[in-house]
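Chain by chain, the residues:
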Amino acid sequence: MAERSFAAEVKQLRNGAGTTLHVEGILAVTKALLQSGVAYVGGYQGAPISHLMDVLGDAHEILDELGVYFENSASEATAAAMLAASVHYPLRGAVTFKSTVGLNVASDALANLASGGVTGGALVILGEDYGEGSSIMQERSHAFAMKSQMWLLDPRPNVSAIVDAVEVGFELSEASNTPVMLDLRLRSCHLHGAFEAKDNKRPPMTVTDALENPLRDIDRIVLPPASFLHEKEKIHDRWPAAVKFIKDRGLNEVFGNDKADIGIIVQGGLYNTLNRSMELLGCSDAFGRTQVPTYVMNVTYPVVDDEIIEFCQGKRAVLLLEEGQPDYIEQNLNAILRRADIATALHGKDMLTLAGEYTSTVVTRGVNEFLPRYLPDVVAHQPALLRDPDDPTSPTAPRVSSEVISPRPPGLCTGCPERPIFSGLKLAERETGKHHVSADIGCHLFAVNAPFDLGATTMGYGLGSAGASALNSKDTDRRSIAIMGDGGFWHNGLTSGVGNAVFNKSDQVHLIVDNAYAAATGGQDVLSSQADLPTRSTQHPIEKAVRGIGVKWARTIKNTYDVGKVRDTFVEALTTAEAGPKVLVMQSECQLNAQRRVKRDRTTALAAGKRVVRERFGVDPETCTGDHACIRISGCPSLTIAPNPDPMRTDPIAEVLDSCVGCGVCGANAHAAVLCPSFYRTDVVDNPTRREQLLAGVRSWWIKIASRGLERRAAQFEAA
C-alpha cells in the first residue's frame, strides 16, 4: 500500500493462547477474525475502518498459511456480494467498509443476502463515521439493519469487548442463519487496550474445499416463491433464534441494577461516554462502578423485549441514550413498555439533543437533567461543562472571549498535486467564463472552499459526472465540468459517470484526478497505480479505460504542477468543437505519500553522510509588491504573509514557510497568471562538498561587502 507499511503490527497477529496483546482496536478486530476461523475477508477502505484493509493486505503470508482468502474489493457492493459464499457453504466470511455510505452502496447485495439467509457466519464490520470527526453526511446504520432484518452489534468501546463481539458475531449469524453487522465507532477503531489472545484457527472448510465440493439449495436463492417464504422465515425462525442466542449468551449487560429505582439504557458504543459523564457527576468511577442501574445494549437490533421489561419493571423512570436520528430505539422501547402495561417513564430525546454526536458535554447535560429530577441525592458534583453561559453573574459562568474563532475547513496538503489543477481551472475561466462544477468524494472536494470556490454538489463516490448529467444542453456552448478522483473512477465512475456520458452523447468535461492512489482513504493502490505489486494487477491507464468504452476526446497531463499547460488544456476542453464527452486525466503522485518515501530516503542518506539536495522556493522581499494574488490563487499552507522590510511600504509581503516541499506551484501560478517575478527557487544542500562549502563562503563574503552601503544608508534613514 503506497508508502506505508503495517508489517510491525502484523507480527503481533501470530501470537497465540497465553499472550496478552496491547493493540489498537483495528488490530484487535483483525486478530479476532483469525481466532474465529474466518475463511475469507473482503472490503473497501474508508475512515475509520481503512487500516483494517491495510493490515490484512500486509498480513497475506499469515492468511495464506491459514488458508484464508483476502480481497481488496472494487466497491462496498462487491465486498457485500462476496458474502454469498456463506449462503450454501459453512464458511465464515467477513467484509468491512465505511458506513453509512458503504451500506448505501452495498444495500442491494445485503438485502438479497439477508433474504436468502446464510449457512456459514457472515459478518459485516462497519466503520461508523458519525459525529464531529466525520467526513460524510450524518446518517445511521441502524436503518439498514431494520430494513433487511440483519442483527446489529454495537459493543462497548473496550478491546476485549470488541474481540468478543467479532467471535460471537459469527456464532449469532450461524445460530440464526442471518448476516450480522458489527458497528465500530471512530473511537472504538482507534482506542488502545489489552486482551488475552487465542490461537489462530484454520477454517474447518476453506474456499478451496468449497470450490471442490459445490453445493446448491434452491430454497436459499432469492426468486419467487422462495423469496416470499424468506420473509416468514425471518420472523418465525431467525428472529426467535437470534433473541434466544442473545439472552442465553448474555450479550447485553446490566450494571448496578440493585442501586436505585431508576435506570439508564445506553447503546454499547456510547457506554464509555456515559460512564465518563456519570464520573463527572459523582455517581460512578473510572472502573464503571455506577450508582445508577445501567442496561448496556451491545446488541441494538433486535431489541430483546424480555430484557427491557425486566430492567424497567419497578423503576419510576429510565433515560435512553440513542445517538442520532430517527429515534428508532426510543420508539421501539415505548412500544414494548406500553404493550406490557409498564408505567415506567421513558426519557430520551426530550433530555438529550435530537441529532448530532453524543459527546461527553451533551451526555453530561442530559444525565444532569434526568438525575436531579428523579434521584437528586446521587449527583455529587457539578462539573465545569455545566456552567450556564447565559448567566454572567453566576460564579461558575465561563469567561467569555470577545474574539470570534473562525471554523477551520479542511484543505489540501502542502505540495498537493491537485492544487495546481484547480488553479489552472480558475485561470482558464478567465477566458471561458464560469462553469457549473460537479464535485465528488475525495481530496478534490476541498476545492469547494477558498481560495478556489469550485464545486456545487457532491452526490456520492464516483458520481461526480452523474451529478451533472442533467445539466447538458444543445442550446448553449457552456459545458458542465465534473470531477472525480482515481479511486472514485474505479469504484463507480467508469460506468455511472463516463459510460453514462458516452451512451447519452453528453458534451460534459470530465476531470479525473489521478494521484496514483486512493489518497483520501489512506493511500491504497488502485488499478491505475504505478506500483508493481506481487499480489495485485496495477498500471492500467485511466485514459485507456475511457477510450475503451467510447470516449474520443481524451488527454492525459503527467505533470499537474505545470499550471500553464493545465490552464491551456482546460481551455481546449471547454472550447473544442468536437462532440461527445471530454476526459482530462491529471496525473501527479499524492504528495503525502511521496513525502513519506522522500523523507525516509533523505534520512537514510543523511545518516550515511551523503550529499542531499532539497528544493525550496522563496519570495524576493525587494521585488514582492504585497499584492498577494499568488496566495489567493494557490491557498498553499506553506505560503503566508510577512512584514514588509521596506520602510516606505506598509503592505505585508508573501513568504514561503519551512514546511515547503518544493512543488513550485506558487511560482508557477504567478507566472501562469502573469502576476509577478518575485518567486525564486533555491537548493538547500545537506552534507555539501568541499567545493560547495568554498563557494558558499566566497558568496557570503561578497554579499556582505556589497551590502555595506545599503545597510549604512538604511541605518541613517531610521535614525532620521
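Shown above is the structure to which this text applies.
Residues numbered from 1 in each chain as written. Predicted model: local features only at pLDDT ≥ 70, side-chain atom pairs only at ≥ 80, totals over all residues. Heavy atoms only, no water.

Caption draft 1: Expanded view of the packing of aromatic side chains. Taken as a whole and assessed by the stated rule, the structure comprises 10 aromatic pairs. Taking 6.0 Å as the distance between ring centres and 65° as the angle between the ring planes, the aromatic pair formed by Y44 and Y461 counts as edge-to-face. Of this pair, Y44 sits in the loop between β2 (40–43) and α3 (50–58) while Y461 sits in the loop between β16 (457–458) and β17 (481–485), placing them 417 residues apart in sequence. Y461 carries the same exposure label as Y44, and that label is buried. Judged by centre distance (6.3 Å) and plane angle (45°), the ring pair of W701 and W702 falls under tilted. An aromatic cluster of at least three residues, connected via ring pairs, comprises W151, W239 and Y301. One residue, R156, lies across the ring of Y271, its end atom 5.5 Å from the ring centre. (Phe/Tyr/Trp six-rings, centres within 6.5 Å; stacked < 30°, edge-to-face > 60°. Helix = DSSP H or I, 4+ residues; strand = E, 2+ residues; numbered from the N terminus. Buried < 20%, exposed > 50% of the residue type's maximum accessible area, 1.4 Å probe, protein only. Lys NZ or Arg CZ within 6 Å of the ring centre and 35° of its normal.)

Caption draft 2: Expanded view of helix α2 (residues 25–35). With 11 of 11 residues buried, α2 is to be regarded as a mostly interior element. For α2, every residue scored as buried is listed here: G25, I26, L27, A28, V29, T30, K31, A32, L33, L34 and Q35.

Caption draft 3: Structural view of the layout of surface pockets. Approximately 1,000 Å³ is the volume attributed to the largest pocket. Looking at the lining of the largest pocket, the elements that each hand over two or more residues are α3, α7 (101–116), α10 (186–190) and α18 (486–503). Per-element tally for the lining of the largest pocket: the top contributor is α7, with four residues. Broken down by class, the residue content of the lining of the largest pocket amounts to 18 nonpolar, 18 polar and three charged. Estimated volume of the second largest pocket: approximately 600 Å³. Along the walls of the second largest pocket sit 26 residues, with E71, N72, S73, D525 and R536 positioned nearest its centre. Taken together, the elements giving at least two residues each to the lining of the second largest pocket come down to α4 (60–66), β3 (69–72) and α18. (1 Å grid on protein atoms, 1.4 Å probe; cavity = no way out; pocket = protein on both sides within 12 Å on 5 of 7 lines; lining within 4 Å. Points joined across faces, edges and corners; volume = space filled by probe spheres on them. Nonpolar A, V, L, I, M, F, W, Y, C, P; charged D, E, K, R; others polar.)

Caption draft 4: Quick look at the nonpolar core. Counting residues in each nonpolar core, the largest one holds 80 residues, and the members touching the most others are F97, L110, V124, I125 and M181. Per-element accounting of this core gives the leading share, eight residues, to helix α9 (residues 159–176). When residues no more than four places from it in sequence are discounted, the contact partners of M181 are L103, V124, L126, S141, F144, A145, M150, W151, L152 and L153. Counting 28 residues, the second-largest nonpolar core is a separate cluster that includes I264, V296, A317 and L375. (Core = buried A, V, L, I, M, F, W, Y, C linked by side-chain atoms within 4.5 Å. Contact = heavy atoms within 4.5 Å.)

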